[in-house]
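Spelled out from the first residue to the last, the chains are:
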Amino acid sequence: MTAKEKLNWKGRRLDVEVGPVAHGGHCVARYEGRVLFVRHALPGERVTAQVTEDKGGSYCRADAVEIITASPDRVEPPCPLSGPGACGGCDWQHASGEAQRKLKAAVVSEHLSKATGRDIPVVVEELTGGLLGWRTRVRMAVGFDQLPGFHPHRSHAVIPVGHCPITVPGLVESVAGQEFTKDSELELVRDGGGRIHARQLKLVRGYRGRMHYQRKAIAGDGESAVEFAAGRHWEMNAYNFWQVHPAAADTLAAAVGEWAQASPGACAWDLYSGVGIFASVLAAQVGPEGRVLAVEQAGQSSLDSERLLADLPQVTAVSRKVEVALREGLLDGADPEVVVLDPPRKGAGHEVVDTIAGRHPARVVYVACDPAALGRDVARFMLHGYKLDSVRAFDAFPMTHHVEAVALLSPGD
């Protein structure tokens, strides 16, 4: 076998011992000095892994196509489309619920331990509702056959589906079997009142060749969705950002409130604020004499936030990218006692972390949907003298590798 062939193992079947979990829904195995990121396997198993992607170098990707020695945590997947080459929406359907949460805890713990240089024990807490029928928001792809479905892992192909076990009943079924414009996407929402909203998104070329989404309503008007969290009704655009698990918004709001502990009359920031759930929690803590600055890039969410929190005059909505608002001095004035931030999957980044730390808040409550980004940003806060006090994690995305974490940081001794 030549050196070139050794670096292109795609299609090869390799018997391997499966090692620890890694971020992204796979486990680590090794073969002839190279790392295999193996999906559909569990730590401790011996499997036959078929290489699905190999770009050379030190690692490649593979699927466990045969289980030689199974883990006691292995279960039968509830969805027939779960497995190698099939739907890529779920990562851990072959693991028990308890095992899934332990795998996610290990990933969060690993990234925070790397960031802090100390052992960070993590427990992923189960949310109400079980492993199935929880997802209230989903995006589907439309294939060349014009039928909606989901992509296999790391593929542009589309597998038509008529039912998805992890989505709330009736959501996927509302569009299943219907024909739509090929290469478009469908965005589906079931709001807190049980109403389904759906629209078709098609990427088209517009003015000066710029690409943008052309939107077409399928069900609902998108303007009258209602959600319930933090003791409030949120009547808003259906496609604003909202947690996909029915219990997640309330759970996270309670966790943020417990750790924020903003003083009456204090200043607090809610960065990447969405429609303002955390801002409403902070507003109750600072009271009418305090001030909450809620910064959100998405214009519709910011507009909805301003309307929805009109009864809380201590809240000011700032419709800007967070880094731009900080750079342009739109948050000047009293230094915040508390900063809550809930950045997108890529994390807050150096500029935002540096600016927050420069304002010396007594507490930073960081809500994260990506353990790797959380670890990077925690490490950056530590360069400014902050320490990681506590962390909680929640299984807001059962059957997938995704996990929601909340971290509390404060100035060091």
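Residues numbered from 1 in each chain as written. Predicted model: local features only at pLDDT ≥ 70, side-chain atom pairs only at ≥ 80, totals over all residues. Heavy atoms only, no water.

**Let's talk about the sheet that holds strand E4 (residues 46-53)**
Then, in step 1: If you walk around this closed barrel you meet the 5 strands as E1-E2-E3-E5-E4, and the pairing is mixed. Between one strand axis and the next, the sheet turns through 50° on average, direction left out of account.
Then, in step 2: Where E4 and strand E5 (residues 59-69) come together, 7 bridges link them in antiparallel fashion. Across the sheet, Ala-49 pairs through a bridge with Ala-64, a residue of E5. (Pairing = 2+ DSSP bridges. Helix = DSSP H or I, 4+ residues; strand = E, 2+ residues; numbered from the N terminus. Axes fitted to C-alpha atoms, helices over the stretch in contact; angles between N-to-C directions.)

**Things to note about the pairing of strand E10 (residues 185-190)**
Then, in step 1: Summarising the sheet, strand E7 (residues 137-142) and E10 pair through 5 bridges and their orientation is antiparallel. The partner of Met-140 across the bridge, within E10, is Leu-186.
Then, in step 2: Here E10 pairs with strand E11 (residues 196-205) via 6 bridges, running antiparallel. When the sheet's bridge partners are listed, Glu-187 is paired in E11 with Arg-199.

**A closer look at the sheet that holds strand E18 (residues 338-341)**
Then, in step 1: Spatial ordering of the open sheet is given by E6-E20-E21-E19-E18-E15-E16-E17, a layout of 8 strands whose pairing is mixed. If you trace the sheet from one side to the other, it starts and ends with strand E6 (124-126) and strand E17 (315-318), each paired once. Each neighbouring strand pair of the sheet contributes to a mean axis angle of 15°, computed without reference to strand direction.
Then, in step 2: When strand E16 (residues 291-295) meets E17, the two strands line up parallel, connected through 4 bridges. From the neighbouring strand, Ala-294 faces E17, where its bridge partner is Ala-317.

**Examining the pattern of salt bridges**
Then, in step 1: The tally for this structure, following the rule as stated, stands at 26 salt bridges.
Then, in step 2: One salt bridge in this structure joins Arg-39 and Asp-91, with 2.8 Å as the shortest N-O distance. Remark: Asp-91 occurs in the loop between E5 and helix H2 (97-116) and Arg-39 occurs in strand E3 (residues 34-39); sequence separation between them is 52 residues. Note on accessibility: Arg-39 and Asp-91 belong to one class, buried.
Then, in step 3: The shortest N-O distance in the salt bridge between Lys-104 and Asp-395 comes to 2.6 Å. Taken together, the residues Lys-104 in helix H2 and Asp-395 in strand E20 (residues 386-395) connect sequence positions 291 residues apart.
Then, in step 4: On the basis of relative accessibility, which here comes to 2%, the residue Lys-104 falls in the buried class. (Salt bridge = Lys/Arg side-chain N within 4 Å of Asp/Glu carboxyl O. Buried < 20%, exposed > 50% of the residue type's maximum accessible area, 1.4 Å probe, protein only.)

**Thoughts on empty space enclosed by the protein**
Then, in step 1: Considering all chains together, one arrives at 2 cavities of 30 Å³ or more under this definition.
Then, in step 2: By volume, the largest cavity amounts to about 60 Å³.
Then, in step 3: Residue lining of the largest cavity: Val-21, Ala-22, His-23, Gly-24, Gly-25, Trp-92, Lys-104, Val-107, Pro-371, His-401 and Val-403, and that is the complete set.
Then, in step 4: Elements supplying a minimum of two residues to the lining of the largest cavity: strand E1 (13-22) and H2.
Then, in step 5: Here the lining of the largest cavity is built from residues that sort into 6 nonpolar, 4 polar and 1 charged. (1 Å grid on protein atoms, 1.4 Å probe; cavity = no way out; pocket = protein on both sides within 12 Å on 5 of 7 lines; lining within 4 Å. Points joined across faces, edges and corners; volume = space filled by probe spheres on them. Nonpolar A, V, L, I, M, F, W, Y, C, P; charged D, E, K, R; others polar.)

**Considering the UniProt feature "binding site: S-adenosyl-L-methionine" (unreviewed entry) in the protein chain**
Then, in step 1: According to UniProt, the positions carrying the feature "binding site: S-adenosyl-L-methionine" (unreviewed entry) are Gln-243, Tyr-272, Glu-296 and Asp-342.
Then, in step 2: Looking at where Glu-296 falls in the secondary structure, it is placed in the loop between E16 and helix H5 (299-308).
Then, in step 3: For Glu-296, a relative accessible area of 13% puts it in the buried group.
Then, in step 4: Setting aside chain neighbours within four positions, we find Glu-296 in contact with Tyr-272, Ser-273, Gly-274, Ser-301, Ser-302, Val-318, Ser-319 and Arg-320. (UniProt positions renumbered as here; feature names shortened; annotations may be inferred. Contact = heavy atoms within 4.5 Å.)

**Thoughts on the environment of His-94**
Then, in step 1: Its location among the elements puts His-94 in the loop between E5 and H2.
Then, in step 2: Placed 21 residues apart in sequence, His-94 and Asp-73 show a C-alpha to C-alpha distance of 8.3 Å.
Then, in step 3: The contacts of His-94, once residues within four sequence positions are left out, are His-40, Ala-41, Leu-42, Asp-73, Arg-74, Val-75 and Pro-77.
Then, in step 4: A distance of 3.1 Å separates a polar atom in the side chain of His-94 from the backbone oxygen of Ala-41. (Polar contact = N/O pair within 3.5 Å; in protein donor to acceptor, adjacent residues only side chain to side chain.)

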